[in-house]
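Below are the chains, spelled out letter by letter.
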Amino acid sequence: MSSSIGGLDPARNAGDAPDQRRRSLPLVGGGDAGRRAAVIPYRDGAHEAAGAHAGPAPRSVRISVTDRCDFACTYCRPSRHDGYADGKLMTAAWRTMFEALRDAGVRRVRLTGGEPLLHPEIVSIVGCLAALGFEDLALTTNASQLARLAGALRAAGLHRLNVSIDTLDPGRFREMTRGGELAQVLDGIDAAVAAGFSPIKLNTVVLRGVNDDEIERLALWAWERRMVPRFLEVMPIAEGARLVGKHLVTAAEMRARLAEHLLPEEAAAEPGLGPARYVRARRDPSLRVGFITGTSDTFCESCDRLRVSSTGVLRPCLATDDGVDASREAKIGDRAAIRLRLDEAWRLKPDGKVWKGCTEETASAVSIRAIGG
């Protein structure tokens, strides 16, 4: 495989000196300026739709506990030297944030990063969330640290795991992640199974000419282990914006490639558990495969998510850098004030009938690593 995987410049991948490539991430400022953040205008000119989201407060929140990551996947980061955010919340502030989210009616929490298992207190964070009684507590990981943490995470009260794995070829894996070791990930998956996590969902971003020849292999490999493979379209967000034109494989095409293994039925979502749509396996209907669009078919209209960045910014949409800064309130332990910021952020939620998520022009400037895709 060429070292310019995914259409990236080889020099940009490996040879950039940190002082040449390092840059600060786009962050919403604190204080009143951050709290008055405005929704980016819709591409159809429907400015009046800004903040028009109706309905109850969010029930599902994705929390980026750190923007650090030990991988630099080609569809996520421009290089290993792309900079990190300052001002991340400490554990005490996170505890206040979690309590405020629970008080506001949030019932489902997913921990993301960066790579959440790089957070030195991730087990304590999981324990804190579990003690607060959220009905669903999940975590997405690249599994590089999972072998040493799977048992502790399970004991702390983590309910579910999603593992990102884009290839089963060690050399290709190293290239796609810019240095990651597949063996570490496989050991982590084995440890998660041994710890009792079931079912484990595996997330694969499919890139034409890069790893799309492994769709069948990955599905069968996952099914042999009673796991749930899920195939994602590359989305035009962050680095993915440079890859979509050449490397997009639609969910429809992915399903067509797996047709002989699948029942001829309509793909169905799991209520309240994200945008993936699942189809059962022909050989064993207890096995499933999931497909996640975002480019060929956006799912903004049904989105009930809010995101919290590692710096305490409440983000109503993955596809813009807009948000409301609640870091000061978290640091001083003011749960009631966080709830006010939460309401403010939720009012910024774009109207999904007009807004088309990661296909909007604003998406290309977002750091997906910083807010957890």
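Note: the structure precedes this text.
All chains use their own residue numbering, which begins from 1 and follows the written sequence. In keeping with the model being predicted, local features are shown solely for residues with a pLDDT of at least 70 and side-chain atom pairs are shown and tallied solely at 80 or more, while totals for entire chains, interfaces and linings include all residues. To obtain the side-chain values, all non-hydrogen atoms of the structure were used and water was disregarded.

1. Some words on the overall build of the protein chain
Strands here mean DSSP runs of E at least two residues long; helices mean DSSP runs of H or I at least four residues long; both are numbered from the N terminus. A count of helical and extended segments in the protein chain gives 14 helices and 12 strands. In the protein chain, buried positions account for 57% of the 373 residues. Contact definition: two residues touch when any of their heavy atoms are within 4.5 Å. Within the protein chain, contacts between residues at least 6 apart in sequence are counted, and of these 74% link residues at least 24 apart. Only the protein chains shown count as cover for residues, and all accessible areas are computed by the Shrake-Rupley method using a 1.4 Å probe. As displayed, the protein chain offers around 15,100 Å² of accessible surface, 50% of which is attributable to carbon and sulfur atoms. Burial classes follow relative accessibility: with a 1.4 Å probe on protein chains only, a residue under 20% of its type's maximum area counts as buried, one over 50% as exposed, and anything between as partly exposed.

2. Digging into the packing of helix α6 (residues 146–156) against helix α8 (residues 182–195)
Where α6 meets α8, the axes come as close as 8 Å, and the angle between the chain directions of the two elements is 20 degrees. By the angle class used here, α6 and α8 are roughly parallel. For α6 against α8, the interelement crossing comes out right-handed. Across from L146, A147, A150, G151 and R154 in α6, the residues of α8 making contact are D187, G188, I189, A191, A192 and A195. Residue type decides the class: Asp, Glu, Lys and Arg count as charged, Ala, Val, Leu, Ile, Met, Phe, Trp, Tyr, Cys and Pro as nonpolar, and the leftover types, Gly among them, as polar. Residue composition of the contact of α6 with α8, grouped by class: seven nonpolar, two polar and two charged. In this analysis, axes come from line fits to C-alpha atoms, helices being fitted only over the stretch in contact, and the angle between any two N-to-C directions falls in the range 0 to 180 degrees. Geometric relationships in this document are graded by angle, where less than 35 degrees denotes roughly parallel, more than 145 denotes roughly antiparallel, 65 to 115 denotes roughly perpendicular, and other angles denote oblique. Note on convention: the crossing is left-handed when the near helix lies turned anticlockwise from the far helix by less than a right angle, right-handed when the turn is clockwise.

3. Some thoughts on the pattern of salt bridges
Each reported salt bridge corresponds to a side-chain nitrogen of Lys or Arg within 4 Å of a carboxyl oxygen of Asp or Glu. Taken as a whole, this structure holds 21 salt bridges when the rule is applied. Taken together, the shared-partner salt bridges in this structure form one network comprising E99, R102, D103 and R335.

4. Regarding the pairing of strand β4 (residues 160–164)
Burial of β4 is extensive: four of the five residues sit out of reach of the surface. As judged from the four bridges shared by strand β3 (residues 136–141) and β4, these two strands associate in the parallel manner. Bridge pairing in β4 links A138 to R160. Taken together, β3, α6 and β4 constitute a β-α-β crossover, and its handedness is right-handed. Pairing of β4 with strand β5 (residues 201–206), which is carried by three bridges, proceeds in the parallel orientation. Note that in β5 the partner of V163 across the bridge is L202. Here, strands pair whenever DSSP counts at least two bridges between them. A clockwise path from the first strand over the helix to the second, with the strands pointing away from the viewer, defines a right-handed crossover.

5. What to know about unusual backbone geometry
The omega torsion across G113 and G114 is 5 degrees, close enough to zero to call that bond cis. The omega torsion across S198 and P199 is -10 degrees, close enough to zero to call that bond cis. You can see P199 is positioned in the loop between α8 and β5. Non-glycine residue A143 carries a positive phi angle of around 75 degrees. Among the structural elements, A143 can be located in the loop between β3 and α6. When its relative accessible area of 0% is taken as the criterion, A143 is described as buried.

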